[in-house]
Amino acid sequence: GAGVSQTPSNKVTEKGKYVELRCDPISGHTALYWYRQSLGQGPEFLIYFQGTGAADDSGLPNDRFFAVRPEGSVSTLKIQRTERGDSAVYLCASSLIKEGYTGELFFGEGSRLTVL
Amino acid sequence: LAKTTQPISMDSYEGQEVNITCSHNNIATNDYITWYQQFPSQGPRFIIQGYKTKVTNEVASLFIPADRKSSTLSLPRVSLSDTAVYYCLVLPLTLGRLYFGRGTQLTVWP
């Protein structure tokens, strides 16, 4: 597709359940980012991938959160034992990195997660 | 990372020029200034980026004084569709990750 695609667009789950959120970046973009955004706040950095490896996962709040990008394209954000405080919009972005310099980030429309 | 300060909200009317200033007193030599725009229910979108002096594109202008301790995003002749949150980011382009603050909510009135 032309842009970053995220699925599902909406996910409602119960406290304690496991959730997976998928991101399909722009073809050819080597860098992929996950952010989450709560109402009235700016996007909060979670993790970013350069290729298949996590270049920086310092934003993951705890070990219930995990993300993979096995083939350097599609990424999945996994949340175990969900809590009500995990409710937010999860944003994915991708970008090109040339000679170590990050280009502009292209964001998807996000996956809205609601934990009841 | 350089700390940024920008107004929480601004109001304007259609057709006016809007200037949003961002303060970044501890900007580092290799930091760039980047602005993103976010509409409700969408992810942020890149607007403009600069290092010093003035940068202009089809959407906005970015003014950066010689000391680089602040920057001003200028939106000419705003319309209702410019109502959005605008984020100022100051960081080195080699960092990889981008940090967003709370941004400035711009509301354009008819």
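## Here we look at the overall build of chain B
- Looking only at helices and strands, one finds zero helices and nine strands in chain B.
- Every one of the 110 residues in chain B was classed for burial, and the buried ones make up 45%.
- When contacts within chain B are restricted to residue pairs at least 6 apart in sequence, long-range pairs at least 24 apart make up 56% of them.
- Approximately 5500 Å² of chain B is accessible, and the part contributed by carbon and sulfur atoms is 51%.

## With respect to the sheet that holds strand β7 (residues 70-75) of chain B
Residues and elements named next belong to chain B.
- Taken in spatial order, the four strands line up as β2-β7-β6-β5 in an open sheet, and their pairing is antiparallel. One side of each edge strand has no neighbouring strand; the edge strands of this open sheet are β2 (18-23) and β5 (53-56). If you compare each strand with its neighbour and ignore which way they point, the axes differ by 15° on average.
- Sheet analysis places β5 next to strand β6 (residues 61-64), joined by four bridges and oriented antiparallel.

## Concerning the side chain of B:S71
- The residue B:S71 is located in strand β7 in this model.
- In this structure B:S71 touches B:I20, B:T21, B:C22, B:H24, B:I33, B:W35, B:L62, B:F63, B:I64 and B:C88, once residues within four positions along its chain are discounted.

## Focus: the state of the cysteines
- With the rule as written, the count across this model stands at two disulfides over all chains.
- A:C23 shares a disulfide with A:C92; S-S distance 1.8 Å. Every disulfide takes its handedness from the sign of the S-S torsion; for A:C23 and A:C92 that torsion is -70°, giving left-handed. Of this pair, A:C23 sits in strand β3 (residues 19-24) while A:C92 sits in strand β9 (residues 88-95), and the two are 69 residues apart along the sequence.
- For A:C92, a relative accessible area of 0% corresponds to the buried category.
- Disulfide pairing places B:C22 opposite B:C88 at an S-S distance of 2.2 Å. An S-S torsion of about -80° defines the bridge between B:C22 and B:C88 as left-handed. Of this pair, B:C22 sits in strand β2 while B:C88 sits in strand β8 (residues 84-92), and the two are 66 residues apart along the sequence.

## Examining the packing of aromatic side chains
- Inspection of every chain in the model, using the stated rule, returns 11 aromatic pairs over all chains.
- For the pair A:Y33 and A:Y48, a centre-to-centre distance of 5.0 Å together with 10° between the ring planes defines the contact as stacked. Here A:Y33, found in strand β4 (residues 31-37), pairs with A:Y48, found in strand β5 (residues 44-50); they are 15 residues apart in sequence, far enough to count as distant. Considered together, A:Y33 and A:Y48 belong to a single accessibility category, that of buried residues.
- Seen in terms of ring centroids, B:Y36 and B:F46 are 5.8 Å apart; in terms of plane orientation they differ by 85°. Their pairing is edge-to-face. Taken together, the positions of B:Y36 in strand β3 (residues 31-38) and B:F46 in strand β4 (residues 45-50) put the pair 10 residues apart, joining distant regions of the chain.
- Here B:Y36 falls in the buried class, since its relative accessible area comes to 1%.
- Taken together through their ring pairs, the aromatic side chains of A:Y35, A:F45, A:F107, B:Y36, B:F46, B:Y87, B:Y99 and B:F100 make up a single cluster.
- Against the face of B:Y51 rests B:R68, its NZ or CZ located 3.9 Å from the ring centre.

## Quick notes on the nonpolar core
- If you look at the biggest cluster of nonpolar residues, it comprises 21 residues, and the most contacted ones within it are B:I33, B:W35, B:I47, B:L73, B:L75 and B:Y86.
- Mapped onto this core, the elements with two or more residues apiece are β2, β3, β4, β6, β7, β8 and β9 (104-109) of chain B.
- If you tally residues by element for this core, the top one is β8(B), at four residues.
- Counting 20 residues, the second largest nonpolar core, distinct from the first, contains A:V4, A:W34, A:A67 and A:A88.

About the criteria used
Residues numbered from 1 in each chain as written. Chains lettered and ligands numbered in written order. Predicted model: local features only at pLDDT ≥ 70, side-chain atom pairs only at ≥ 80, totals over all residues. Heavy atoms only, no water. Helix = DSSP H or I, 4+ residues; strand = E, 2+ residues; numbered from the N terminus. Buried < 20%, exposed > 50% of the residue type's maximum accessible area, 1.4 Å probe, protein only. Contact = heavy atoms within 4.5 Å. Areas by Shrake-Rupley, 256 points an atom, 1.4 Å probe, with all protein chains shown as cover. Pairing = 2+ DSSP bridges. Axes fitted to C-alpha atoms, helices over the stretch in contact; angles between N-to-C directions. Disulfide = S-S within 2.5 Å. Phe/Tyr/Trp six-rings, centres within 6.5 Å; stacked < 30°, edge-to-face > 60°. Lys NZ or Arg CZ within 6 Å of the ring centre and 35° of its normal. Core = buried A, V, L, I, M, F, W, Y, C linked by side-chain atoms within 4.5 Å.

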